[in-house]
Amino acid sequence: MDIATHVFSALYQFGDAFAFLVLSACGLAVIFGMMGVINLAHGEFIMCGAYVTAATVHAGLPLPLGILAGTLVSALVGVVVELAVIRHLYDRPLDTIVATWGLSLIATQGTLIMVGSTMAGVGTPFGSFQVGDYSYSIYRIVLFCAALGVLAALYALFNWTRFGVLARATIQVPHMAAALGVDTRLIYSLTFACGAGLAGLAGGLYAPTMTLVPTMGATFIMEAFVTVVIGGADVFLGTAPAGGVLAVVKSAMTSWQGQLFGQIGLLVAVIIVVRVLPKGISGFVLRERT
Amino acid sequence: MSKSVLRGLRAAALTGTLVLGLPLGSQLALAAENPIKLGVLEDQSGDFAAATIGKVHAIQLAADEINKAGGIMGRPLELVPYDTQSDNTRYQEFMRRVLQRDKVDVVFAGFSSASREAYRPIVDQFNGFAFYNNQYEGGVCDGHMIVTGAVPEQQFSTLIPYMMEKYGKNVYTLAADYNFGQISAEWVRKIVKENGGKMAGEEFIPLGVSQFSQSIQNIQKAKPDFVVTLLVGTAQASYYEQAASANVNLPMASSVNVGQGYEHKRFKPPSLKDMYVTTNYIEEIDSPKSKEFYAKFKAKFPSEPYVNQEAENSYLAVYLYKQMVERAKSTKREEIRKVIALGDVCMDAPEGKVCIDPKSQHMSHTIYLAKVGADHSISFPKVWEDIKPYWLGEAGCDLTKKDPMAQYTPSNPPPKP
């Protein structure tokens, strides 16, 4: 009984850390990992998703529809940003850093000026359950399932659909894909929108559990970047195992020594992985396969 | 030569147009003297903005009222505000700017203790004069500073014994991991021990952390009777929602929540149920003075989400400054400190009567114990009147005699003479 309690609590903490890492990283994995665009406005897409979700829930929509609205609005904003800014900078990767950083400052400050310094929260649904001495939030399990669902959906999208094949072809050899009649500009737009939408989804899913402020994106961005950096270019083969490894390190260190050591452990793990596997986990897996 | 004449002419033209905009009566009075400049360094954006925008508005409100009533000794009060963006390096940069370039007479600055300690050496170095209008972990013994916020002997010596009596003697502290959280936790430890209690556990959370599943479990494992939450910034405020959804269901005690970040307004009930806070002001306080202040504030800033403790501290600080300058007949710090040394610089603030303690240059306060109900309504089970900031004076800090320009803690008290 006691052992079962401990095992469950360890699993729950792992799942919780895993969900946070994967959900915050997925959108970035598509935009940074696949497209090579270093999107420093990633946190602001997350904030956008969270704000739209909260606003629609306040307006009377049920939470799942609110999250969907947050995802779609973020994806739409992603299309606009891609058309207006990112499109012109695909062959200037360093300039995209500056451009997206600027966008993130504008988004944070614009939200502060227009919506105010905070937004009322929406409250976490579903309540809690008890295992042994501990009580747990059910919504956290929902987040874990959502993370698994997002990974599965991404795998299916990029491997089994026509869009996925075209997207991978476009990103691998753009002029060859264009020569074969692929509208590469459209594919780039859609892929960027997909990444932005995933960021919005992460924001929507976490909106009920967090303080809604213009700077909330910043709390996701460190985890998102480290997960993508050690994951490597492949969304599914990179993000999932990277999330798994980091979640084990983080939850173990946090339960042992507290939050500070959890963060230290996370960063040390990243340094070691990047040193040993310069192309990230997916680079390692793919090399083994070929 | 001709250049400086031109500049003079331009300045004259500028002030001329400005003066013309004012009603005739005050024009004559204001034109006679140059303004008293008050630098305002507060976070209007970034992680702390939610708690601090109200401070800027409170200073604007007080300055407007004072200017309408004829200024300070006939001189208008001019605000020189900068947005410090919740960033310690901005504080240093802007503190140098207001002291060196803008040459302000006094600066009102700072929310987090990290930013106060970042700018304080600069105030000392340039011989400036600063007000820190914020509750904090206590212990600053510096003649260049006046602190109008509440300190641990006012907030914890009241709160912790009350909680221990009501709920039990096992205490868990969850605190932000920087000087404020660490020193406040030291105070909690000390007071719990003095009252025969036990620390069930302590955890320090880095600023900016927003995920608390593991911390929640650590708390459940330690089985405390109540949790002291000293969490700072909007990211860390996510704790309450997450603890509520995991059904932790423990009473909470705090010196920073509700009174600063109005979490009871921002989160959906009942996530802050049974939160107890000692504060010297929040907008729910039901006294005529408080109602009057709240009405004035809302009339000027109708969209202000909450009038918090630090807004009141900032508001009363402007009036205290006015009183001290008028009594000293000077804006010079040394002249003003002679007035403080008399020991009778007091005023009727929205919270009640407050006075400056000459030894530490901190304030006495009326401390309200605010309890958050299941529906997030506020009740006040207890009020302590006229609680003095006694610790520094008793420990050996006496600014009327010596100015060490240092910060002390219970484990690092002032050196004995």
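Thresholds applied
Starting from 1, residues in each chain are numbered consecutively following that chain's sequence as written. Ligands are numbered from 1 and chains lettered from A, in the order in which they are written. With pLDDT at 70 or above as the cut-off, local features in this predicted model cover only qualifying residues; side-chain atom pairs require 80 or more to be listed or tallied, and sums for whole chains, interfaces and linings still use all residues. At least two bridges found by DSSP between two strands are what make those strands a pair. A run of H or I in DSSP counts as a helix once it spans at least four residues, and a run of E counts as a strand once it spans at least two, with each numbered from the N terminus. Here an axis means a line fitted to C-alpha atoms, over the contact stretch when the element is a helix, while the angle between two N-to-C directions is reported on a 0 to 180 degree scale. For a helix, the expected span equals 1.5 Å multiplied by the number of residues minus one. Put plainly, a residue is buried at 20 or more neighbouring C-beta atoms within 10 Å of its own, exposed at 12 or fewer, and partly exposed in between, counting only other residues' C-beta atoms, which are placed from the backbone. Contact definition: two residues whose C-beta atoms, as placed from backbone geometry, lie within 7 Å. Side-chain classes are defined by residue name, with Ala, Val, Leu, Ile, Met, Phe, Trp, Tyr, Cys and Pro counting as nonpolar, Asp, Glu, Lys and Arg as charged, and the others, Gly among them, as polar. Each nonpolar core comprises buried Ala, Val, Leu, Ile, Met, Phe, Trp, Tyr and Cys residues, the members being joined through C-beta atoms within 7 Å. Residue-level confidence of the predictor, termed pLDDT, takes values from 0 up to 100.

All names here are of chain B. The strand order across the open sheet built from 5 strands is β2-β1-β3-β4-β6, with neighbouring strands paired in parallel fashion. This sheet does not close on itself; its edge strands, each paired only once, are β2 (77–83) and β6 (145–147). Neighbour-to-neighbour, the strand axes of the sheet open up by a mean angle of 20°, direction not taken into account. By the bridge criterion, 4 bridges tie strand β1 (residues 36–42) to strand β3 (residues 106–109) in an arrangement that is parallel.

Quick look at unusual backbone geometry now. Residue and element names in this part refer to chain B. Here the residue pair Pro-269 and Pro-270 is connected by a cis peptide bond, since its omega of 0° sits within 30 degrees of zero. One can find Pro-270 in the loop between α10 (263–266) and β11 (275–279). Its identity is not glycine, yet Ser-86 carries a phi of approximately 55°, on the positive side. Structurally, the position occupied by Ser-86 is in the loop between β2 and α4 (88–101).

Moving on to helix α12 (residues 309–328) of chain B. Residues and elements named next belong to chain B. The end-to-end C-alpha distance of α12, which contains 20 residues, comes to 28 Å, matching closely the 28 Å that a straight helix rising 1.5 Å per residue would cover. Buried residues dominate α12, accounting for 15 of its 20 residues. Looking at the residues trailing α12, positive phi occurs at Lys-329, about 55°.

With that settled, the discussion passes to the interface of chain A and chain B. Every contact between the two is made by 36 residues of chain A and, on the other side, 33 residues of chain B. Only α1 (2–34), α4 (93–115), β2 (134–137), α5 (138–160), α9 (218–231), α10 (235–257) and α11 (259–276) of chain A provide two or more residues apiece to the side of chain A that touches chain B. Per-class residue counts for the side of chain A that touches chain B are 11 nonpolar, 22 polar and 3 charged.

All names here are of chain B. Positionally, Pro-415 belongs in the segment after β17 (406–407). According to the C-beta neighbour criterion, Pro-415 is exposed, with 9 such atoms within 10 Å. As a C-alpha pair, Pro-415 and Gly-396 span 19 residues in sequence and 7.6 Å in three-dimensional space.

Another point: the nonpolar core. Counting 217 residues, the largest nonpolar core has Val22(A), Cys26(A), Ala202(A) and Met95(B) as the members making the most contacts within it. Here this core takes 16 residues from α1(A), the largest share from any one element. For Met95(B), the contacting residues outside a window of four places in its chain are Leu41(B), Val107(B), Ala109(B), Tyr119(B), Ile122(B) and Val123(B).

Another point: the confidence of the model for chain A. With 98% of its residues at a pLDDT of 70 or more, chain A has an overall mean of 86. Across chain A, the secondary-structure element scoring lowest on mean pLDDT is helix α12 (residues 280–289) of chain A, at 70, and the one scoring highest is helix α3 (residues 63–84) of chain A, at 93.

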